[in-house]
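What the coordinates show
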Amino acid sequence: MSPEESIALIKANLAEVLNPEIIDDIILKEKRDLKVYWGTATTGKPHCGYFVSMVKIAELLAAGCHIKILLADLHAYLDNMKAPLELIEQRVKYYEFIVKSLLKAVGVDITKLEFIQGSTYQCSQSYTMDRFKLEGITRISAAQKAGAEVVKQTADPFLGGIIYPLMQALDEQYLDVDAQLGGLDQRKIFTFALENLPRIGYKVRAHLMHSMVPGLGEAQKMSSSEPDSKIDLLDSADVVAKKLKKAVCVPKKIEGNGVVAFVEHVIFRVASLKTGGKPQFTVERRDEEPLIYDDIEKLKADYEADILTPQLLKAGLTKALNELLDPIRSDFAASEEWQKITAVAYPAEEKQQKPKKQKKEVDPAKRAAALAARAEQLKLQEGGSEEAK
């Protein structure tokens, strides 16, 4: 692959690239491989939206990039304590298992990747001093703005969520990379890094942003914190089918349609990666020839024309997605260690039983008085009836 082809592949299939000239200079002038990191906070169980990042990581590896995967354990705690401190270590192990399995499912050679746990360097003296420097020059409003699309927002936020974007900016320096990969929801954190790292003496990096897969319900993106918006990577085939059956999929409407977007950004991209750029998506039809798509624009046109209905699209996606998830589910079933870690990292929530209402004890004297008053009332009523006769 020529340097120009490498640059083209690095920038391909992205929604936006900030400071693309950094990529050009490193590959064309410095004549070395681009160093990129992608990070994930180890919170809830990863969902199928992760396929978008994994496919891009596969493309970056094909372009000759050196990739570092950051398992951001401290970030998971800082984001409104989504991961309790006592579970962080096990969740890091769970994420490493599932991310590796996910990458293998899309055909990535995981020996070319470097996995790093955030707390191994984020607790160092030098990192802490640099964090203090950033904290000293950052207004709370700027930090809140930076994390607005990523960190859980509340009326009275915890300090951890405010520090979160500052640490993500510093990670670029301490991971020694040229660029960071993330979804469009990361843009405000990326621009924060661009504006503020130079203020404490560090260089600007490039930022690669891919599109976000809308949630299956009303959510704007698949999210671990919104169960109805996502399909987990270890969901059974039946659960996948049930979730897709209930997914919002407005007929003839493409914009904001999470099902169509999932086919475009996950199924087509993975198929393209596996077939060398020749994806194919098949939709079976009862008593008719199947609809076969090798072009996403043709699929969208058929959907808008109601040739491809929501019911047909969901059925086709259910089959394709379950085929994609099968090797991940098999890896999990074959690994006793992974299963044990899962049980510890995500302990089953005990359903709290509602306490039975205790009958109030009535004062015997009050009860006797009430019964006497009731008897007297009945006696008066009977007397009135006799007089009426």
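Below or above, wherever it landed, is the structure these notes cover.

What counts and how
Residues numbered from 1 in each chain as written. Predicted model: local features only at pLDDT ≥ 70, side-chain atom pairs only at ≥ 80, totals over all residues. Heavy atoms only, no water. Helix = DSSP H or I, 4+ residues; strand = E, 2+ residues; numbered from the N terminus. Buried < 20%, exposed > 50% of the residue type's maximum accessible area, 1.4 Å probe, protein only. Contact = heavy atoms within 4.5 Å. Areas by Shrake-Rupley, 256 points an atom, 1.4 Å probe, with all protein chains shown as cover. Expected span 1.5 Å × (residues − 1). Phe/Tyr/Trp six-rings, centres within 6.5 Å; stacked < 30°, edge-to-face > 60°. Lys NZ or Arg CZ within 6 Å of the ring centre and 35° of its normal.

**Some details on the overall build of the protein chain**
- When its secondary structure is counted, the protein chain shows 16 helices and 8 strands.
- Within the protein chain, the fraction of its 389 residues that count as buried is 46%.
- Nonlocal contacts in the protein chain, meaning residues at least 24 apart in sequence, comprise 74% of its contacts between residues at least 6 apart.
- A total accessible area of about 20900 Å² is found for the protein chain, and carbon and sulfur atoms account for 51% of it.

**Topic: the environment of Asp-326**
- In this structure, Asp-326 sits in helix 14 (residues 310-334).
- Classification of Asp-326 as partly exposed rests on a relative accessible area of 37%.
- Spatially, the C-alpha atoms of Asp-326 and Leu-233 are 9.5 Å apart, while their sequence positions differ by 93 residues.

**Some remarks on helix 3 (residues 50-62)**
- Helix length check: helix 3, at 13 residues, gives a terminal C-alpha distance of 19 Å against a target of 18 Å (1.5 Å per residue), a fit within 8%.
- Among the 13 residues of helix 3, 12 are classified as buried, and the element is accordingly described as predominantly covered.
- Looking at helix 3, one finds that the buried residues are Tyr-50, Phe-51, Val-52, Ser-53, Met-54, Val-55, Lys-56, Ile-57, Ala-58, Glu-59, Leu-60 and Leu-61.
- Directly beyond the C-terminal end of helix 3, a positive phi value near 90° is found at Gly-64.

**Side note on the packing of aromatic side chains**
- Throughout the structure, instances matching the rule amount to 10 aromatic pairs.
- Both rings, one in Trp-38 and one in Tyr-50, keep their centres 6.1 Å apart while their planes meet at 85°; by these two values the pair is edge-to-face. Of this pair, Trp-38 sits in strand 2 (residues 35-41) while Tyr-50 sits in helix 3, and the two are 12 residues apart along the sequence.
- By relative accessible area, which is 5% here, Trp-38 ends up buried.
- Taken together, the aromatic side chains of Tyr-94, Tyr-95, Phe-97, Phe-332, Trp-338 and Tyr-346 make up a single cluster linked through ring pairs.
- The ring centre of Phe-115 lies 5.2 Å from the NZ or CZ of Lys-100, which sits over that ring.

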